[in-house]
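Observations on chain architecture
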Amino acid sequence: MTADGGIPGPGGFGGRPSYQLPPVTSTAPDWAALAEANEREHRRRRLRLQIGAGALGVALIGGAVATAVALSGPSDNARNTSAPAVTAQPDGPASGAPSADPSPGPSDPASAPASASGSAQPSGSASARTGAKPTGSATGKPNAPAPTLPGVTLGGGAAVGGTAGHTGPTLVLHGNTDGWADSGSPVVDTSRSFTVSAVVRNNAPTGGRAVVTQGGDSYYSFYLGRDDWGTHNQWVFKVQTAAGAQDNTTYQAFSTAAGAATTGRWTLLTGVYDAGAKKITLYVDGVLQQTTAVQGVWQTTGGLQLGRVRYKNTWSDFWDGAISDVQVWDQALPATAVAQLNGSGGTSAGTTAKRSWLLP
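A quick note: this is a predicted structure, and the numbers were derived from the prediction, not measured.

1. Notes on the nonpolar core
Leu149, Leu171, Phe222, Phe237, Ile323 and Trp357 are the most contacted members of the largest nonpolar core, which has 38 residues in total. Per-element accounting of this core gives the leading share, four residues, to strand S5 (residues 194-202). Val199, Tyr283, Leu341 and Ala353 belong to the second-largest nonpolar core, a separate cluster that totals 13 residues.

2. Re the side chain of Asp320
When you line up the elements, Asp320 lands in strand S16 (residues 320-329). Although Asp320 is buried, it makes no salt bridge; Arg209 carries the closest opposite charge, 5.4 Å away.

3. Focus on the sheet that holds strand S7 (residues 220-229)
The antiparallel open sheet is built from seven strands, whose spatial order is S1-S4-S13-S6-S7-S8-S9. The sheet is open, and its two edges are formed by strand S1 (153-154) and strand S9 (250-254), each paired on a single side.

4. Looking at the pattern of salt bridges
Oppositely charged side chains can pair when the atoms bearing their charge come close. This model, assessed by the stated rule, comprises four salt bridges. Note that Lys238 and Asp227 form a salt bridge whose closest N and O atoms lie 3.2 Å from each other. Note that Lys238 is positioned in strand S8 (residues 232-240) and Asp227 in strand S7, a separation of 11 residues in sequence. The exposure class of Asp227 is buried, given its relative accessible area of 5%.

5. What to know about the packing of aromatic side chains
All chains considered together, the criterion is met by nine aromatic pairs. Geometrically, the ring pair formed by Tyr219 and Tyr311 is tilted, given 5.2 Å between the ring centres and 55° between the ring planes. Highlighted residues: Tyr219 in the loop between strand S6 (209-215) and S7 and Tyr311 in strand S14 (residues 309-311), separated in sequence by 92 residues. Residue class for Tyr219 comes out buried when judged on its relative accessible area of 0%. Considering the side-chain rings of Tyr220 and Tyr223, the 5.7 Å spacing of their centres and the 55° angle between planes classify their relative orientation as tilted. Neither residue differs from the other here; Tyr220 and Tyr223 are each classed as buried. Through a chain of ring-to-ring contacts, three or more aromatic side chains come together here, namely Phe194, Phe222, Phe237 and Tyr273. Of note, Arg308 hangs over the ring of Trp180, and the distance from its end group to the ring centre comes to 4.0 Å. Looking at Arg310, its charged tip hangs above the ring of Trp315, at a distance of 4.9 Å from the centre.

Reading guide: rules and limits
Residues numbered from 1 in each chain as written. Predicted model: local features only at pLDDT ≥ 70, side-chain atom pairs only at ≥ 80, totals over all residues. Heavy atoms only, no water. Core = buried A, V, L, I, M, F, W, Y, C linked by side-chain atoms within 4.5 Å. Buried < 20%, exposed > 50% of the residue type's maximum accessible area, 1.4 Å probe, protein only. Helix = DSSP H or I, 4+ residues; strand = E, 2+ residues; numbered from the N terminus. Lys, Arg positive; Asp, Glu negative; His and termini not counted. Salt bridge = Lys/Arg side-chain N within 4 Å of Asp/Glu carboxyl O. Pairing = 2+ DSSP bridges. Phe/Tyr/Trp six-rings, centres within 6.5 Å; stacked < 30°, edge-to-face > 60°. Lys NZ or Arg CZ within 6 Å of the ring centre and 35° of its normal.

Next up, the structure:
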């Protein structure tokens, strides 16, 4: 053995080389390192499990939300913005409107209350008086109150509704003392030129019948309607030329024999007062009937009346039938405008009326 612990090799003894032994290494395992490695591996596994569980929870929650949305449909806001607006449509005449059978005339409708102020209405169809379908209620809703006339009070026996053979609303009256409409205050300034017009259907075989009038407490200032006595049965436009409630101050323009006041037929009546020319004129269905010279028309303070007249301190000449397309102009319409009025079915003379009611 050599001095450094080796084994003498060749030449170790007596000059031969020596052999060196390798160092001794321990084969016992490092338990601390193994435990630390094992702990790291467990932490990695727990982390992977937690991440997987979280992802699964998110997926489950998202699926549940999607299912709920699909089942519930669009939100209220989505429905409000995407769905089209729906407007109620008319579906027939109001309760109590007259029947469509023209042979017996208008049937008994329900009465209607008063309403608000009036104004000129747009023009209507030229076929308004014949062959047109009845329009029924202006509201178009079942069991709705009957429509009213703007700015006019209706008597208890008056109603607004559809009448057979006419397009647009009509005032239906039955020749009794509570069948009328009253504006309450004057509509026509009779000291100046004016024109009054209406489309009417007369159901009464006899008797004087007022369509449109205006007057005071004792007498009328003008009268558009029907005169009937003996063999005389004519349409008439007449005026009072002075105060005093006397028949001898009444001036009249009558229809001709061809324009006799028939029953059961729609007719356009137009009365014109020309203050400058000092004359009154009656037109029937747009055709000139008669012109009468006058000195003027008595100015009164009573309201415009539909379906009745003030005569010798009492109401009389109650209309039996239907009245429609009532218009008042504060001018004397020329014959051409009256012809145009007839061509439109009584709705438009080419110039706007001062006041109007019962237009389509």
